[in-house]
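Inside the fold
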Amino acid sequence: MKTRARLPRLVACGATLALALGLSACGGDGGGGSSDDGKIRVLVYGDATNKVEKRIVDTFNKTSDVKVVLDTIPGADYQKKLQTIISTPQAPDVFFNWGGGSIKPFVKADLLMPLDDLIKKNPDLENKFLPSVFNNAVVDGKPYGVPMRGTQPVLLFHNKKVLDEAGVKPPKTWDELLDAVGKLKDRGVTPIALGGGDIWPTQMWFQYLYDRVAGPELFQKAVGGDKSAWESADSKKALGMIRELVDAGAFGKNYDSVKYTNGGSPALLASGKAGFELMGSWYYSQQQTDAEKFAEKDLGYTPFPTVEGGKGDPANVAGNTNNYYSVMKKTKHPEAVAEFLKLMYSDEFVKAQLDIGNLPTTTNTDRFIDSSATPEYSRFQYDLVADAPSFQLSWDQAYPQKASSSMHQAIQQFFNGQLDADGFIKAMQALPTE
Amino acid sequence: MTTQITSARPAAGPRKESRRRPAASSATQVGRPGFAWALPAAVFFALFAIAPLIMVVVLSFMSWDGLGSPEFVGTDNWSRLMDDPVMLKSIWLTLLLTVLGVVVQTPLSIVLGVWAAGHQRNRAVLSVIYFIPLLLSATAVSVLWRALLDPNFGIPADAGWLFGDGNLFGEQATAIGVLAFVSTWQFTPFHTLIYQGAARAIPQVLYQAAEIDGAGRYRQFFHITLPQLRNSMITSMILMIVGGLTTFETVLILTQGGPGTDTTISAYYMYDKAFKGFDFGAGSAIALALVVAATVISLIVVRVSGYDKMRSSMEGVS
């Protein structure tokens, strides 16, 4: 029965595709904006953080004549669905996004409202946020987003017990990391756990090494369309270091068969079969859920090691800077939207985010950290991000969405040796940048 | 059946109106299946198969990322696909996986089906257990096997002699092996069911006659059972081929087309182009190519096998 359903299903797939798109295209041509019903529609990614968003919306609606209606799209399909409805009359007034490349196509299609007028009237809309985070929603010199959740820098986590047994200290420099890899390997432990099956964890190693070796400018140039950046000496040096680490056996041999998303790689670290894992800051609460005892006793974390002679500031971080609210040009209530966005740096917002383990990136977050659920960890992260001269947005989010698939392929293929440095450089140069 | 209805028609009388409402005018008469009867199905088919297909054809000549209006670009999508090494590779991979599926699943399901058609002890219980994969969705099956094949905590961790370092998803050959294995595990029960039904329908007289002639069990299998299963075999193979050409979820969940593009089959490539890359033009072109390929291959199989003539395999039996 399953088999038989397949041909129709293929047709149905095409059908859904064509119909959904066909309809939305017609809608777009109709040119009808949303009718003014005195409401602002806000669209967010559906997950556990929605309870904060709901609370903020309730607070806003208590005092405002223009009411906010919150819609959520659950799970991983967010970007796909957003792209399908955004040029239709069903498009929201304000929507959740990842900044960077995730909104660039919308800016190009002239769908978004630059926020500089709102900021001119109320400079706090910019000043109340950490600059390294705010800047990731700036496209072509104009701000298009206001941070609205928590920051998620990538950190190097380790298992304290495993490191102790191997006589290894948490590495501060690249050489110390290589040294630790050797010692852990000698003890029969996989030095670094890596969920290569998901590919984006592999990408984190590229993000940090490129930033440490060449500074954030190289990637900025590349994503801005100057493809020669990829063949620079610094680029080749960073690739050489990745090669060295992989060839030293740092990730074992079967990392491409391991996944982060099904719990494979975190379990390696928690069970003492690996020493390190490079992962976003959500890893801490992930381990608290999956392996409570380990998280409490043996889970350690450090910033990514420094690279001697590298051009990048050792204080730079990489990861998911934050999520942003962007405003559609067609909105009928820009003033009310501005009032709503003000709540994104209110004390209530900051406290509610901290309560569920998120780390907001407002300047007043500092005051509330000590009363948060994990003060020490939150403090470490906040200082790291606040002091970072540059926050490298995840590569696949900085590039336009359509580049992500080819980028992931190149990253995986260079890592496992299917591509050499020149092959990787060519593949990255072939990525669309707009 | 047709003759019955036509012969009944004159009884309704020569008058014109009676021909229109034969059922109303005569209780004994069964209405002739007209177009109206097929209307619901036809509308459904037109709405959910023909119309989208036409749209896909149109979109395959357009450039569109989901924003704004599609732009006509002529055969640009098609010529890009022709020059795309990944597209070519994906066609080979699709064919390889399809052939692997047919070659592995057909003998397995014939043997199991014929066995399940018998009357041995424990057969019913074992058959039920064996059919369980059929009840699971492809998604569930894929998630299950991805976890079972985890190199550190799954089967490979305890069977190093067989799996080596367990990097099943990190190399092309083993990744394809996993895909073929999981499809086999999931779909063999379905084909077994086809063969079980067909094997049960083989008249016992044939076996009795063979026994009198002194044929052993193997001769009976090769000279009676197999030839009698011919039509079922064709049915099953067409389903396998069409299924193989459109396999998608297994790849999406197990390998995501990787490592690199080493398991990117055509249906997955379509998804990748359309929904990850927002290149709906190219995605539609691949979709169309797949529909055409699946139709052509099915037609060829039907023609070559003589299935379209529906020749009875029971000649001389009844």
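Cut-offs and rules
- Residues numbered from 1 in each chain as written.
- Chains lettered and ligands numbered in written order.
- Predicted model: local features only at pLDDT ≥ 70, side-chain atom pairs only at ≥ 80, totals over all residues.
- Helix = DSSP H or I, 4+ residues; strand = E, 2+ residues; numbered from the N terminus.
- Buried ≥ 20, exposed ≤ 12 C-beta atoms within 10 Å, placed from the backbone.
- Contact = placed C-beta atoms within 7 Å.
- Rg over C-alpha atoms; globule rule 2.2 N^0.38 Å.
- Nonpolar A, V, L, I, M, F, W, Y, C, P; charged D, E, K, R; others polar.
- Pairing = 2+ DSSP bridges.
- Domains from an automatic or database assignment.
- Core = buried A, V, L, I, M, F, W, Y, C linked by C-beta atoms within 7 Å.
- Axes fitted to C-alpha atoms, helices over the stretch in contact; angles between N-to-C directions.
- Parallel < 35°, antiparallel > 145°, perpendicular 65-115°, else oblique.
- Expected span 1.5 Å × (residues − 1).
- Left-handed = near helix turned anticlockwise from the far one by under 90°.
- pLDDT = per-residue confidence, 0-100.
- Arc of directions from axis to C-beta.

As a further point, take the overall build of chain B. When you go through chain B residue by residue, the secondary structure sums to 18 helices and two strands. The proportion of buried residues among the 318 residues of chain B is 34%. Of the contacts formed within chain B by residues at least 6 apart in sequence, a portion of 66% connects residues at least 24 apart.

Within chain A, the secondary structure is distributed over 22 helices and 13 strands. Relative to a compact globule of 434 residues, whose C-alpha radius of gyration would be 22 Å, chain A shows 23 Å and is just as compact. Summarising its shape, the C-alpha atoms of chain A cover approximately 70 × 55 × 50 Å along the three principal directions. Looking at the 434 residues of chain A, the share that counts as buried comes to 53%. For chain A, restricting intrachain contacts to residue pairs at least 6 apart in sequence, the fraction spanning at least 24 positions comes to 77%.

On to the environment of A386(A). Residues and elements named next belong to chain A. Looking at the element boundaries, A386 is found in helix α19 (residues 375–387). Given 16 C-beta atoms within 10 Å, A386 falls into the partly exposed group. Residues A386 and L130 lie 256 residues apart in sequence; the distance between their C-alpha atoms is 6.4 Å.

Where interface size is quoted, it is often the accessible area lost as the parts come together. In this assembly, 46 residues from chain A lie in contact with 50 residues from chain B. Contributions of two or more residues to the side of chain A that touches chain B are made by α1 (6–30), α3 (78–85), α13 (264–270) and α21 (404–415) of chain A. Among the residues making up the side of chain A that touches chain B, the classes are represented as 17 nonpolar, 20 polar and nine charged.

What follows is about the pairing of strand β9 (residues 274–280) of chain A. All names here are of chain A. For β9, the tally of buried residues reaches seven of seven residues, placing the bulk of the element in the interior. Of the pairings in the sheet, the one linking strand β7 (residues 152–159) to β9 comprises five bridges and is antiparallel in character. Within β9, the residue paired with F157 across the bridge is E277. Strand direction decides the pairing type here: strand β8 (residues 190–193) and β9, joined by three bridges, are parallel.

Residue and element names in this part refer to chain A. Domain boundaries in chain A define domain 1 (28–150 + 322–382) and domain 2 (152–319 + 399–429). Placing the centre of domain 1 and that of domain 2 at their C-alpha centroids yields a distance of 30 Å. Each partner contributes to the interface: domain 1 provides nine residues, whereas domain 2 provides eight residues. Contributions of two or more residues to the side of domain 1 that touches domain 2 are made by α4 (104–108) and α19. Per-class residue counts for the side of domain 1 that touches domain 2 are two nonpolar, six polar and one charged.

Further remarks concern the nonpolar core. Across soluble globular proteins, nonpolar side chains show a tendency to be buried alongside one another. One finds F157(A), L209(A), Y210(A) and Y325(A) to be the most contacted residues of the largest nonpolar core, which totals 122 residues. The element contributing the most residues to this core is helix α10 (residues 200–214) of chain A, with eight residues. Looking at this core, you find at least three residues from each of domain 1 (28–150 + 322–382) and domain 2 (152–319 + 399–429) of chain A. Beyond its immediate chain neighbours, meaning those up to four positions away, Y325(A) contacts V94(A), F96(A), G145(A), V146(A), M148(A), L341(A) and M344(A). I241(B), Y269(B), A282(B) and A285(B) belong to the second-largest nonpolar core, a separate cluster that totals 44 residues.

On to the environment of I369(A), then. Residues and elements named next belong to chain A. Summarising the element assignment, I369 is placed in the loop between α18 (365–368) and α19. Overall, I369 belongs to the buried group, with 21 C-beta atoms counted inside 10 Å. Distance from I369 to V181, taken between C-alpha atoms, is 34 Å for residues 188 residues apart in sequence. Apart from residues lying up to four places away in sequence, I369 is in contact with P375, S378, R379 and Y382.

Residue and element names in this part refer to chain A. Read across the open sheet, the five strands follow the order β2-β1-β3-β12-β6; overall the sheet is mixed. Lying at the two open borders of the sheet, with one neighbouring strand each, are β2 (67–74) and β6 (146–147). As defined by bridge partners, β6 adjoins strand β12 (residues 324–327) across two bridges and the pair is classed as antiparallel. Bridge pairing in β12 links V146 to Y325. In the packing of helix α2 (residues 50–63) onto the sheet, the strands contacted are β1 (39–46) and β2, and the crossing angle to β2 comes to about 170°. The sheet strands contacting helix α16 (residues 334–342) are β1, β2, β3 (94–97), β6 and β12, and the helix crosses β1 at an angle near 40°.

Residue and element names in this part refer to chain A. With burial as the criterion, each face of β12 is covered, one bearing Y324 and S326 and the other bearing Y325 and V327. Both β3 and β12 contribute to a ladder of four bridges, which runs antiparallel. Each bridged residue has a counterpart across the sheet, and for F96 the counterpart in β12 is Y325.

Below, the discussion takes up the packing of α10(A) against α21(A). All names here are of chain A. At their nearest, the axes of α10 and α21 sit 9 Å apart, and the two run at 80° to each other. One finds that α10 runs roughly perpendicular with respect to α21. Seen from α10, the contacting residues are T202, Q203 and F206; seen from α21, they are I411, Q412 and F415. When grouped by side-chain class, the residues that make up the contact of α10 with α21 number three nonpolar, three polar and no charged.

All names here are of chain A. Between its first and last C-alpha, α21 extends 16 Å over 12 residues, near the 16 Å set by a 1.5 Å rise per residue. In terms of burial, α21 is a largely internal element, 12 of the 12 residues being buried. Listing the buried residues of α21 in full gives S404, S405, S406, M407, H408, Q409, A410, I411, Q412, Q413, F414 and F415. Just downstream of α21, G417 is the residue with a positive phi angle, here 90°.

Comment: phi is negative for the bulk of residues other than glycine, and the bulk of peptide bonds are trans. All names here are of chain A. With a phi close to 60°, D110 is a non-glycine residue in the positive phi region. When you line up the elements, D110 lands in the loop between α4 and α5 (116–121). Residues other than glycine seldom take positive phi values, yet I199 does so here, at roughly 70°. On the secondary structure map, I199 appears in the loop between β8 and α10. When the 23 C-beta atoms within 10 Å are taken as the criterion, I199 is described as buried.

We now examine the packing of helix α15 (residues 230–245) of chain B against helix α18 (residues 280–305) of chain B. All names here are of chain B. Contact geometry for α15 and α18: axes closest at 10 Å, N-to-C directions at 165°. Between α15 and α18, the angle falls in the class roughly antiparallel. The chirality of how α15 crosses α18 is right-handed. Counted together, I234, M237, I238, I241, V242 and L245 of α15 and L290, A293, A294, I297, S298, V301 and S305 of α18 form the full contact between these two elements.

Taken residue by residue, chain A gives an average pLDDT of 88. The fraction at 70 or more is 91%. The low-confidence segment residues 1–34 of chain A (pLDDT under 50) makes 61 contacts with residues lying over four places distant or belonging to another chain.

This part is about the confidence of the model for chain B. Residue and element names in this part refer to chain B. Taken residue by residue, chain B gives an average pLDDT of 84. The fraction at 70 or more is 86%. Below a pLDDT of 50 lies the segment residues 1–27, which in the model reaches 17 contacts outside its immediate sequence neighbourhood of four places, other chains included. Model confidence for the complex is summarised by a pTM of 0.82, with the ipTM given as 0.79.

A separate point is α16(A). Given 3.6 residues per turn, any residue in an α-helix points the same way as the ones three and four places further on. Of all the residues in α16(A), the buried ones are A336(A), V337(A), F340(A) and L341(A). End-on view of α16(A): buried residues confined to an arc of 140°, all on one side of the axis.

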